[in-house]
Number of protein chains: 4
Amino acid sequence: MIIVMKMNATSNEVDSVLARLESGGWKTHISRGEERTIIGVIGDERKLDQGTLSGMDGVDRVMPVLRPFKLASRDFQPEDSKIALNGHVIGDNKVIVIAGPCAVESMEQMMETAIAVKEAGAHLLRGGAFKPRTSPYSFQGMGEDGLKILAEVRQQTGLHVVTEVMSPDQVDLVAKYADVLQIGTRNMQNYALLNAVGQTRKPVLLKRGMMSTIEELLMSAEYIMSNGNHKVILCERGIRTFEKYTRNTLDINAVPVLKELTHLPVVVDPSHATGRWTLVKATSRAAVAAGADGLIIEVHPNPAEAVSDGEQSLKPKRFAELMVEVRRVAEAVGRSI
Amino acid sequence: MIIVMKMNATSNEVDSVLARLESGGWKTHISRGEERTIIGVIGDERKLDQGTLSGMDGVDRVMPVLRPFKLASRDFQPEDSKIALNGHVIGDNKVIVIAGPCAVESMEQMMETAIAVKEAGAHLLRGGAFKPRTSPYSFQGMGEDGLKILAEVRQQTGLHVVTEVMSPDQVDLVAKYADVLQIGTRNMQNYALLNAVGQTRKPVLLKRGMMSTIEELLMSAEYIMSNGNHKVILCERGIRTFEKYTRNTLDINAVPVLKELTHLPVVVDPSHATGRWTLVKATSRAAVAAGADGLIIEVHPNPAEAVSDGEQSLKPKRFAELMVEVRRVAEAVGRSI
Amino acid sequence: MIIVMKMNATSNEVDSVLARLESGGWKTHISRGEERTIIGVIGDERKLDQGTLSGMDGVDRVMPVLRPFKLASRDFQPEDSKIALNGHVIGDNKVIVIAGPCAVESMEQMMETAIAVKEAGAHLLRGGAFKPRTSPYSFQGMGEDGLKILAEVRQQTGLHVVTEVMSPDQVDLVAKYADVLQIGTRNMQNYALLNAVGQTRKPVLLKRGMMSTIEELLMSAEYIMSNGNHKVILCERGIRTFEKYTRNTLDINAVPVLKELTHLPVVVDPSHATGRWTLVKATSRAAVAAGADGLIIEVHPNPAEAVSDGEQSLKPKRFAELMVEVRRVAEAVGRSI
Amino acid sequence: MIIVMKMNATSNEVDSVLARLESGGWKTHISRGEERTIIGVIGDERKLDQGTLSGMDGVDRVMPVLRPFKLASRDFQPEDSKIALNGHVIGDNKVIVIAGPCAVESMEQMMETAIAVKEAGAHLLRGGAFKPRTSPYSFQGMGEDGLKILAEVRQQTGLHVVTEVMSPDQVDLVAKYADVLQIGTRNMQNYALLNAVGQTRKPVLLKRGMMSTIEELLMSAEYIMSNGNHKVILCERGIRTFEKYTRNTLDINAVPVLKELTHLPVVVDPSHATGRWTLVKATSRAAVAAGADGLIIEVHPNPAEAVSDGEQSLKPKRFAELMVEVRRVAEAVGRSI
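Being a predicted model, the structure only gives us computed values, none of them experimental.

### A word on the overall build of chain A
A count of helices and strands for chain A gives eleven helices and 14 strands. Its C-alpha atoms give chain A principal-axis dimensions of about 75 × 45 × 40 Å. Buried residues in chain A amount to 59% of all 337 residues. Intrachain contacts of chain A at a sequence separation of at least 6 include 65% that bridge at least 24 residues.

### Things to note about helix H11 (residues 316-332) of chain D
Taking 1.5 Å of rise per residue, the 17 residues of H11 of chain D would be expected to cover 24 Å, and the 25 Å separating its terminal C-alpha atoms lies within 8% of that figure. Burial in H11 of chain D covers these residues: Phe-319, Leu-322, Met-323, Val-326, Val-329, Ala-330 and Ala-332 of chain D. Turning to H11 of chain D, the residues buried within the fold contact helix H10 (280-290) and helix H11 (316-332) of chain B together with strand E7 (96-100), helix H3 (107-120), helix H10 (280-290) and strand E14 (294-298) of chain D. Once H11 of chain D ends, the next one or two residues include Gly-334 of chain D, with phi positive near 80°.

### Here's the deal with the relation of the copies chain A and chain C
For the pair chain A and chain C, the superposition axis carries a translation of 0.0 Å, the fit reaches an RMSD of 0.0 Å, and the rotation angle comes to 180°. These values place the two chain copies in the arrangement generated by a two-fold rotation axis. Considering only C-alpha atoms, the residue of chain A closest to the rotation axis is Ala-286 of chain A, which sits at 2.0 Å.

### Comments concerning helix H8 (residues 254-261) of chain B
For H8 of chain B, the buried fraction is high: seven of the eight residues fall into the buried class. On the buried face of H8 of chain B, the contacting elements are helix H7 (214-226), strand E12 (232-236), strand E13 (266-268) and H10 of chain B together with H10 of chain D.

### Some points on the relation of the copies chain D and chain C
Each copy of the sequence occupies a distinct position, and chain D is placed on chain C by a rotation of 180° and an axial shift of 0.0 Å, giving an RMSD of 0.1 Å. In this assembly the copies share their binding face: 100% of the residues contributing to the interface of chain D also contribute to that of chain C.

### Side note on the interface of chain A and chain C
A common way to state how big an interface is: give the accessible area lost once the parts meet. Taken together, the contacts link 35 residues of chain A with 35 residues of chain C. Elements with a contribution of two residues or more to the side of chain A that touches chain C: helix H7 (214-226), helix H8 (254-261), helix H10 (280-290) and helix H11 (316-332) of chain A. Broken down by element, the residue count for the side of chain A that touches chain C peaks at six residues, all from H10 of chain A. A class-by-class count of the residues in the side of chain A that touches chain C yields 18 nonpolar, nine polar and eight charged.

### Things to note about the sheet that holds strand E9 (residues 160-164) of chain A
Residues and elements named next belong to chain A. Within the closed barrel, the eight strands sit side by side as E7-E8-E9-E10-E11-E12-E13-E14. Their pairing is parallel. Taking the axes of each pair of neighbouring strands and ignoring which way they run, one obtains an average angle of 25° across the sheet. Contacts from H8 reach strand E12 (232-236) and strand E13 (266-268), with the element oriented near 170° to E13.

### Quick look at the sheet that holds strand E4 (residues 59-63) of chain C
Residues and elements named next belong to chain C. Strands sit in the order E2-E3-E1-E4 across an open sheet of four strands; the sheet is antiparallel. Bordering the open sheet on either side are strand E2 (27-32) and E4, each of which pairs with just one other strand. For this sheet, the mean angle separating the axes of adjacent strands, direction not counted, is 20°. In this structure, E2 lies alongside strand E3 (residues 37-42), joined through six bridges in antiparallel fashion. Bridging across to E3, Ser-31 finds its partner in Ile-38.

### Quick word on the confidence of the model for chain A
Of all residues in chain A, 100% have pLDDT values of 70 or greater, and the mean over the chain is 94. Interface confidence in the predicted complex, given as ipTM, is 0.95; pTM for the same model is 0.95.

### Section: unusual backbone geometry
Phi angles above zero are rare outside glycine, and Asp-309 of chain A is one such case at about 60°. Within the element layout of this structure, Asp-309 of chain A appears in the loop between strand E14 (294-298) and H11. Judged by the 24 C-beta atoms lying within 10 Å of it, Asp-309 of chain A falls in the buried class. Backbone geometry places Asn-86 of chain D, a non-glycine residue, at a positive phi of 55°. Inspection of the secondary structure assignment puts Asn-86 of chain D in the loop between strand E5 (83-85) and strand E6 (88-90).

### Concerning the pairing of E14 of chain A
Residue and element names in this part refer to chain A. Among the five residues that make up E14, five are buried, leaving the element largely enclosed by the rest of the structure. For strand E7 (residues 96-100) and E14, the ladder comprises five bridges, and the chain directions are parallel. By the bridge assignment for E14, Gly-100 is matched with Glu-298. Looking at chain direction, E13 and E14 are connected through two bridges and run parallel. Its bridge partner being in E14, Val-268 is matched across the sheet by Leu-295.

### A few points about the packing of H10 of chain B against H10 of chain D
Relative to each other, H10 of chain B and H10 of chain D sit at 155°, their axes nearing to 7 Å. Classified by the interaxial angle, the pair formed by H10 of chain B and H10 of chain D is roughly antiparallel. Handedness of the crossing formed by H10 of chain B with H10 of chain D: right-handed. Within the contact between the two elements, H10 of chain B uses Ala-282, Thr-283, Arg-285, Ala-286, Ala-289 and Ala-290 of chain B and H10 of chain D uses Ala-282, Thr-283, Arg-285, Ala-286, Ala-289 and Ala-290 of chain D. Tallied by class, the residues present in the contact of H10 of chain B with H10 of chain D amount to eight nonpolar, two polar and two charged.

Each value, and the rule that gives it
Per chain, residues are indexed from 1 in the order of the written sequence. Here the convention is simple: chains get letters from A, ligands get numbers from 1, in the order in which they are written. Only residues with pLDDT of at least 70 are given local features in this predicted model, and only at 80 or more are side-chain atom pairs given and counted; all residues enter the totals for whole chains, interfaces and linings. Numbering of helices and strands runs from the N terminus, with a helix taken as a DSSP run of H or I at least four residues long and a strand as a DSSP run of E at least two residues long. Residue burial here comes from a neighbour count, namely the number of other C-beta atoms, placed from the backbone, that lie within 10 Å of the residue's own C-beta, with 20 or more meaning buried, 12 or fewer meaning exposed, and in between meaning partly exposed. C-beta atoms are first placed from the backbone for all residues, and any pair lying within 7 Å is then listed as a contact. Expected helix span is computed as 1.5 Å times (number of residues minus one). To line up the copies, we fit them by least squares on C-alpha atoms, keeping just the residues with pLDDT of at least 70 in both. Under the scheme applied here, ten amino acids are nonpolar (Ala, Val, Leu, Ile, Met, Phe, Trp, Tyr, Cys and Pro), four are charged (Asp, Glu, Lys and Arg), and all others, including Gly, are polar. Two strands make a pair as long as DSSP finds a minimum of two bridges between them. Only the stretch in contact is used when fitting a helix axis, every axis being a line fitted to C-alpha atoms; angles between N-to-C directions are given from 0 to 180 degrees. The pLDDT value expresses, per residue, how confident the predictor is, ranging between 0 and 100. Angle categories are assigned with fixed cut-offs, so that under 35 degrees is roughly parallel, over 145 is roughly antiparallel, 65 to 115 is roughly perpendicular, and the rest are oblique. Left-handed describes a crossing whose near helix is turned anticlockwise from the far helix through less than a right angle; right-handed describes the clockwise counterpart.

Below, the structure written as structure tokens:
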């Protein structure tokens, strides 16, 4: 950690900072430049609260040197994490595709979708039984009945299921039916929930908060991992920007950035990242070309009748076309699908 | 709701949209302009899912006409909501000041702070027993022990306490000790938690998500209110922007905007909205000048020793100076403090 | 245009709005719902100032129905614009690659770069003679001497050149030497400059403002086109968001969005959109996979000695590797390079 | 400047960085921690290009220590700059109010406005003769005829005028008529224009770019000042965020931040920063409470007939009410108006 003092900082102020650090057992290194005094802190800065120093009199800025995550860091585990999912492996050469509707609406809807996406080559099925909705007046999901439908469809089609869990007290219930636990964008920093899924041994699909930094996403992964569950799949699903034409802005940079910073697999959700089904095919191709390990895509047999997110759902026929195109791109970058 | 068709929409596509609406019991009004066909939907659009229409073939855009919140809306309750807090009333002429440390650290720290802020004129005490921290390695709060300290300090000083609740299963515990339940910025869209505090009859201080629009803040208030608890205090605490000098950007516009849109009281948190104690005095004055009903300010007897957020905490002496200045501004806008 | 009145709007206020519109020659259509009155305006709303209406007493919101651009719109020209560039055509099947250093530094540097990028398959050469720099103390470019170098390198290598023009009074000078005039991100809304390049008949590479919407980008294209110059190449170069790890966020969604909204060719600049050379290869692949008509990439023979933007410049060898990979992706999406 | 090497950086890579620095005449200080090697650079880092270092192999990050502006910095000039404006002084105790319409439309409109705002207590008159408009089809301003009207109104009312200049070749013309040259938000980084107004000796009102950081605003001031013109007035006019209800988000934090970082006077434009006249009064009070040295406010005798920005323009009567309220706040913070 580097502490930059103000130009007019007094020697008393410098001494107070040094004393504060030394009382905590830190070694310091002081450098007096022409304009400013700079204090280097030697030791594991992750244990040092940046804020308490930066508020001290005479301090201009405190700059951390190390990244705050460890378990998720590629520095500490250079090789890619590979997570087994029903015979498939995410984080390996093959690009994994998760497809299905926004919400579980009925057995018929789920079966029809599952059969269609399986035939088109999808590896896992998605569908929400508990739905976080902006409005309390919107459909909130079928709850446990939806989970039962998912389990039944899995049994009939062999497709394992990814579904969202919204609060710590739902974790046991959802884990009973689901193969992968999804943490939604609004819950990326719901720490009680992160701790709860960290206590299970189910793979967790962790969606990036719509206004969270990449570092914060990795810190949320660190929460889960520090509870003992290392099976974390990161999901870039679009961030909130000033652009109004699309629902979110797909941060495609995040794919190679995450590949640099972490060993965890990275999935992209082009449906939420655009909010319009007409943009899903092009951005799915882009995600795979950028190096994503997987895609999660909304498919609904009849989007105009969907209870939610119809505008970003593909019809099965369009999803099948997408798979053909995405497969070609995957091969062009040396992967299969 | 207004549906704008694409320029080249076919009459079949227009008919499908009309059929979709009519099958749901909606009345429609069609207007064929030179460039585009526009369909008006007559009825309570809040029950209509915008997304399923906007994804239909031939549809260019769907524009809602009504605001999606009702209980929180000033249209439906023109007069200000007033919430009683230990003899004080928030939402009335008097500006209410809530002060205290980021986290409860010890009985001594809380007592010292409480006595100081009370003397300076604060009306309520804040302090976190459960702390949402970006890093799993940071101090997570004292938990129930912290709540007990808060209760003890209340008894000795008479200051009622505001403290955060982070998950539905904590609500009963926190409500046992606290006078006002705080929902933190990362939990503004934790719907399970909103429903849980909505089931209590304690006032709720609802912080705006750092990534949330004003409309979403009001929808989260609507969640709480639709559970029967109408005692919601809204808190603007800064939003995330591209500006890097400050931790967040205080959205001062939100104060008069909320006063237009809702009858609920509005509090500003200049400590989090700036992230630097040197900026708290000026922005506190601004918040009151803009019409805020209250302030929530971090005060710590020794910020350099604080376990968290030291850089944005005021020393008691500086807080007392702030109160003097803020009082003058309150009086200038026709209010007391 | 749709005008939504407030719930409590008086009939006098409604009448004032109607009178205001009718005095301007507009036809209106009024719809009185249960909650609100809505006024539809019939006619070419592009001639109507939205602001003057939305400020009127009793008006809640004004919602435009039409898009504000015409010449740039695909609605008015469905077929793609194709722009000839020295035997290549941008906007056609072939993906065009523009490569070169941030700034022209010397004849040697430009010749070495030009030979290398041509050999790797680039179609045009980039290099700035006039450099917009955040600091007045940074290198501001070689000016006309730099332009002369570019012209000389073109003659020797046959590569046509793209270079930036920063003010209206430079347009003639730059047009004398350059083949494509570049408008930089900070000048996207420099209307005097847009008008000036619109008066030439040189192709214009128009970079999106780092915090401009897609609609504003198209309005800036409209400025150039309304002056008679229809040879506009749009460039997505990253937008400013809260994410700090990368210099900008590449808005990959913008590629298919622009393909929907406009007939103009779309180029992506992964160097500026990421700000780190390690991310350029992955994002270049993504851009082509998303449907970009071209790429503009920074290449420098010795980035560590570059006078600017060294951190985002590729060495020639790495650029050649990138071309191999991007070519495979182009073929996978049915294009050549 | 601090250079943080990657964890796995080789000693060759460290040596290359050291050699690169030493060849440029910089002294270095190397610190080898448990996890990483850190290189400190000693000397005036403003002359060192950060980018060329951060792109070098083995480098993780480069962190500047000094702020990049000097002439604008309070470190180098602790006392406030005071700029004389027709007998008033901006940057002193008195809060200066600039008022007038968005655009000059006619002699009658300007005279009526000028008389009204003067009577209400405004100190300067604003009004645009050259108008930057998003659409080429919108009214672009009256040009020199508008400037002549401004000059005539000044003569009759004694109010000095602030008006925008949009390109370097207009500077002489505008300077002939205007008392203060305004640089608009879209031109904050139009460096040719900054240099041109820097060559004059007229005060410059420099509006923050809607997409610009506070540091970039100060760097643009530095451009003007490095040309010899130190009479720069900074203007916070709202930044672009994800919030859609208001046109921009007034960054009220920027007022005290600028007061810390620079000696230049700071003015706030609540009209553009909100985009709605109903919000202007509350945010004007807030700006003064936060410490602004002045306000610039849009006033139009008949906003519903304004050619532009009617929705954010106050009627003269409402402006007079605002002045009464703002005056009280100014007095509450120890200033006059």
